[in-house]
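Reading the structure
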Amino acid sequence: MTDRDGRRTARTGRSTDRPGRLAVVAAAALALAAPPALGGAAAADATAPPTATATVTTATLTTAVPAALVPVPRPSGPALEHAVIDRPIVFSRYTATASVEDLYAVSPSGGAAVKLTATPTVSDVMPSWSPDGKRVAFLRYGAGGAIDGIWTMKSTGGDLKPVPGTEGASDPAWSPDGKRIAYSLPVGGQREIYVAGLDGTAATRLTFTDADENHPTWAPDGGHLAFNRAEASGDSRLVRLRLATLAQTPITPPGSHDWTPDWSRGNRIVFSRLDATGFVHLYVVRPDGTGVHRITSARANDKYPSWSPDGRRLVFTRGGTDDADPEHLFLVRADGTALKQLTKTPSHDQQADWRP
């Protein structure tokens, strides 16, 4: 099996970030479940809104949905309407000669990236900004793929704090109220979505399926999560989950190959899709599954999209078929114009998150 960039995958279907690390990434689940090989069958019609609805009710839980999961209104007003977009972008980087990943920050205006972590024996990946921009959550894993868990640190590095109970977790996503972390955690042979307080308390399992649930992203009001559900067939679709009831609604149709959603303050969801071209492109969709359209269309693989604070631009990763093929960060407007390469060093720059 190959992942969306044509690289080998593990038995679980999760992809390697680079050749030679199959066992490490399979154990750590650092990447997402993989669609069929590039150039394979075309994805389902992107314009067809989903019709089926899958529901998980609180009856499947051993306890009621905690009050902590009740939506918390997100601040609004002129400060958000005129959000400053020249805020740092944090991302993970490795090179062909230095395989340990560290976190870096770069201005969307360009310039040299600033190193935030320097850990010669462990890798730091999957950064997620706090809503106030003061801290970053990320995943740390060590040699052999053992996941140390989710940590947080100051936005400039330092003051590291572990989130208890997140050993084996991946894909941290900081809630809009700044009090919780959503993440993907292995349960038996698959991964499920959880949410917990920053101190690790009140951890609650939100999904109960035989599929791999990955990459949660929060709605602006904190009342919903979206994530990608990867089936054993290799298909992956986006799903929306209502926190108050745990009701689930598909966003994209069955037979899709959709990954890494990111929910904007403007209530749109961007994601990567392996489409009929055989390449991975960026798409955007409304949370109800309507209005699907493609943003990028180059003969390249575009992944890990993240919205700018004002919802007008995106940062994403392009490239990376193997260690000799660098992956760079690019910027693009939400309408697909004004493409700009942001990082240019011979490195692999991934999983960028734009400061709110």
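Our structure is the block above this text.
Sequence order as written defines residue numbering, which begins from 1 separately in each chain. Under the rules for a predicted model, residues below a pLDDT of 70 receive no local features and side-chain atom pairs below 80 are neither given nor counted, while totals for whole chains, interfaces and linings still include all residues. Side-chain measures here rest on the full set of heavy atoms in the structure, leaving out hydrogens and waters.

**Structural notes on the overall build of the chain**
When helices and strands are counted, the chain shows two helices and 24 strands. Among the 356 residues that make up the chain, the fraction classed as buried is 57%. The criterion used for residue contact is that any of the two residues' heavy atoms lie within 4.5 Å. Put simply, of all contacts in the chain between residues at least 6 apart along the chain, 43% involve residues at least 24 apart. Numbering of helices and strands runs from the N terminus, with a helix taken as a DSSP run of H or I at least four residues long and a strand as a DSSP run of E at least two residues long. Each residue is placed in one exposure class: buried if its accessible area under a 1.4 Å probe, protein chains only, is under 20% of its type's maximum, exposed if it is over 50%, and partly exposed if it falls in between.

**A closer look at the pairing of strand β5 (residues 135-142)**
Most of β5 sits inside the fold, with eight of its eight residues counted as buried. The side-chain alternation of β5 yields two buried faces, one formed by R135, A137, L139 and Y141 and the other by V136, F138, R140 and G142. As paired strands, strand β4 (residues 122-129) and β5 are joined by six bridges and run antiparallel to one another. Each bridged residue has a counterpart across the sheet, and for D124 the counterpart in β5 is R140. For two strands to be treated as a pair, DSSP must find at least two bridges joining them. Counting the residues in the hairpin turn of β4 and β5 gives five residues, including G133, whose phi is positive at 75 degrees. Relative to strand β6 (residues 147-154), β5 runs antiparallel, the two sharing seven bridges. Its bridge partner being in β6, F138 is matched across the sheet by W151.

**Some details on unusual backbone geometry**
The phi dihedral of A202 is positive, around 55 degrees, even though this residue is not glycine. Mapped onto the elements of the fold, A202 is located in the loop between β10 (190-197) and β11 (204-205). Owing to a relative accessible area of 53%, A202 belongs among the exposed residues under this scheme. Phi at N267 is positive, roughly 65 degrees, even though this residue is not glycine. As for its placement among the helices and strands, N267 is situated in the loop between β16 (258-263) and β17 (269-274). Under the relative-accessibility criterion, N267 is labelled partly exposed at 37%.

**Side note on the side chain of H281**
Structurally, H281 is set in strand β18 (residues 280-285). On the accessibility criterion, H281 (1% relative accessible area) is buried. Nitrogen and oxygen atoms within 3.5 Å of one another constitute a polar contact, given that in protein one can donate a hydrogen and the other can accept it, and given that sequence-neighbouring residues count only through two side-chain atoms. Within the structure, H281 has its side chain in polar contact with the backbone oxygen of A298 (distance 2.7 Å). Excluding anything up to four places from it in sequence, H281 contacts F271, S272, R273, D275, R294, T296, S297, A298, A300 and D302.

**Regarding the packing of aromatic side chains**
Each Phe, Tyr or Trp ring, with Trp reduced to its six-membered ring, pairs with another whose centre is within 6.5 Å; inter-plane angles below 30 degrees give stacked pairs, above 60 give edge-to-face pairs, and intermediate values give tilted ones. Following the criterion strictly, the structure yields four aromatic pairs and no others. With 5.9 Å between their ring centres and 25 degrees between their planes, F316 and F330 make a pair best called stacked. Of this pair, F316 sits in strand β21 (residues 313-319) while F330 sits in strand β22 (residues 327-333); the two residues are 14 residues apart in sequence, bridging distant segments of the chain. On the basis of relative accessibility, which here comes to 0%, the residue F316 falls in the buried class. Look at F330 and you get buried, because its relative accessible area is 10%. Two limits define a charge over a ring: the Lys NZ or Arg CZ must be within 6 Å of the ring centre, and within 35 degrees of the ring normal. Here R273 stacks its cationic end above the ring of Y283, 5.0 Å away from the centre of that ring. The positively charged end of R318 is found above the aromatic ring belonging to F330, 5.1 Å away from the centroid.

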